[in-house]
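# Architecture at a glance
Each chain is listed here by its residues.
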Amino acid sequence: MASRSILVGDLLHARVGVTAPARLHLGFLDLEGGLGRRFGSLGLTLEGLSTRLLVLPANKLAVEGAAAELERARAMLDRLARAWDLPPLGVVIEQVIPAHAGLGSGTQLALALGVGAARLAGLSVAPRAVAQFLQRGGRSGIGIGAFEQGGFILDGGRGEDGQPPPLTSRLAFPDEWRLLLIFDPACEGLHGAGEDHAFRRLPAYPEELAGRLCRLVLMQLLPGIATADLGAVGSAVGEIQRRVGDYFAPAQSGRFTSPAVSEVLAWLEAEGVTGLGQSSWGPTGFAILADDAQATALRGVVERRFDHHRLGFLVTRARNRGAEVEAQG
């Protein structure tokens with residue numbers, strides 16, 4: 001899996017820093033699988049939310065820092081160390097993407113750890129190989145795409161070869177557009193065994209639904225991004241979110257996971273916002289808006305109007321570049 005380059009001493013660098021960006025998962029296109037591939041994901045890489053860590057020499061394998069991810073990071077690092085015969089490494093987790101919020105925290109942590117450890121130890125390992133080894137990207141390839149390239153990402157679904165889904169399209173997202181993100185810290189999206197159980201219990205995915213979603217993506221969403229047509233993008237994203245959300249409703253108790261986030265999204269829709277929905281299993285909601293002025297104004301309104309829900313709000317933009325990997329020394 002990995003090939004070792006010529007090292008300086010035991011390690012190639014004094015330390016390696018990795019910043020891995022969060023992403024929105026905007027929906028699955030085809031769970032029917034009649035053409036040989038299942039799922040097919042839409043994703044958008046985000047600025048302003050990331051997992052950041054340092055990998056450096058140590059007396060023994062150790063992980064410290066952000067408490068929310070220590071256990072998961074230690075398990076991943078232990079697997080990598082045994083598989084790659086790593087020298088002693090320390091990992092300092094400086095910042096993490098919120099876990100189980102629909103933002104891709106697990107995949108970005110895995111990729112940051114694997115790529116950072118490989119770079120420090122002088123190993124040549126692609127992010128896609130790290131993801132497969134650490135069992136990330138089983139259904140969706142957009143986390144890998146966000147790490148590698150950023151921007152708006154479409155993957156081609158999972159085949160029968162066991163590989164992470166291939167990326168089939170990557171577009172730069174318009175710089176002037178903004179995302180209003182809505183967080184519900186009192187709620188978690190499905191993950192792990194609960195997610196697996198939900199997929200097993202969902203009804204058959206109608207072929208007609210898959211056809212409609214794929215047409216929306218090919219003939220409206222991707223051209224809308226390429227030409228910076230917010231109306232086309234908002235209309236396509238809104239319809240995809242409604243249709244996919246209704247399909248997943250039995251597993252998440254409604255079109256969207258968080259009732260509070262749902263209330264905010266319903267109000268935004270009534271105000272004329274079309275490009276809105278939930279990322280992955282949620283609870284994080286989003287709205288795509290024309291510019292910073294509109295997004296900032298709407299944030300102020302919803303913060304006041306929905307203060308009783310104790311939600312969090314963030315105005316950010318798409319990130320049209322992948323992770324940052326910086327080697328020092």
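Before reading further, recall that the structure is shown in the block above.
Because the structure is a prediction, the values reported are computed rather than measured.

Leu-24, Leu-42, Leu-103, Phe-152, Leu-221 and Phe-248 are the most contacted members of the largest nonpolar core, which totals 44 residues. Those elements that provide at least two residues to this core are β2 (15–30), β3 (39–57), β7 (152–155), β9 (178–183), α5 (192–201), α6 (207–226), α7 (230–252) and β11 (285–289). In terms of residue count, α6 provides more of this core than any other element does, 8 residues in total. For Leu-24, the contacting residues outside a window of four places in its chain are Leu-42, Gly-43, Leu-44, Leu-46, Leu-103, Ile-142, Leu-179, Leu-181, Ser-279 and Phe-286. Counting residues in each nonpolar core, the second largest holds 35 residues, with Leu-70, Trp-84, Leu-89 and Leu-123 among its members.

So, on to the packing of helix α1 (residues 70–84) against helix α2 (residues 105–121). Contact geometry of α1 with α2 gives a least axis separation of 10 Å together with a crossing angle of 40°. By the angle between their directions, the pair α1 and α2 is classed as oblique. Once α1 is placed against α2, the crossing between them reads as right-handed. Where α1 abuts α2, its residues Arg-72, Ala-73, Met-76, Leu-80 and Trp-84 lie against Ser-105, Gly-106, Leu-109, Ala-110, Leu-113, Gly-114 and Ala-118. Of the residues that constitute the contact of α1 with α2, the class distribution is 8 nonpolar, 3 polar and 1 charged.

Conventions used here
Residues numbered from 1 in each chain as written. Predicted model: local features only at pLDDT ≥ 70, side-chain atom pairs only at ≥ 80, totals over all residues. Heavy atoms only, no water. Core = buried A, V, L, I, M, F, W, Y, C linked by side-chain atoms within 4.5 Å. Buried < 20%, exposed > 50% of the residue type's maximum accessible area, 1.4 Å probe, protein only. Helix = DSSP H or I, 4+ residues; strand = E, 2+ residues; numbered from the N terminus. Contact = heavy atoms within 4.5 Å. Axes fitted to C-alpha atoms, helices over the stretch in contact; angles between N-to-C directions. Parallel < 35°, antiparallel > 145°, perpendicular 65-115°, else oblique. Left-handed = near helix turned anticlockwise from the far one by under 90°. Nonpolar A, V, L, I, M, F, W, Y, C, P; charged D, E, K, R; others polar.

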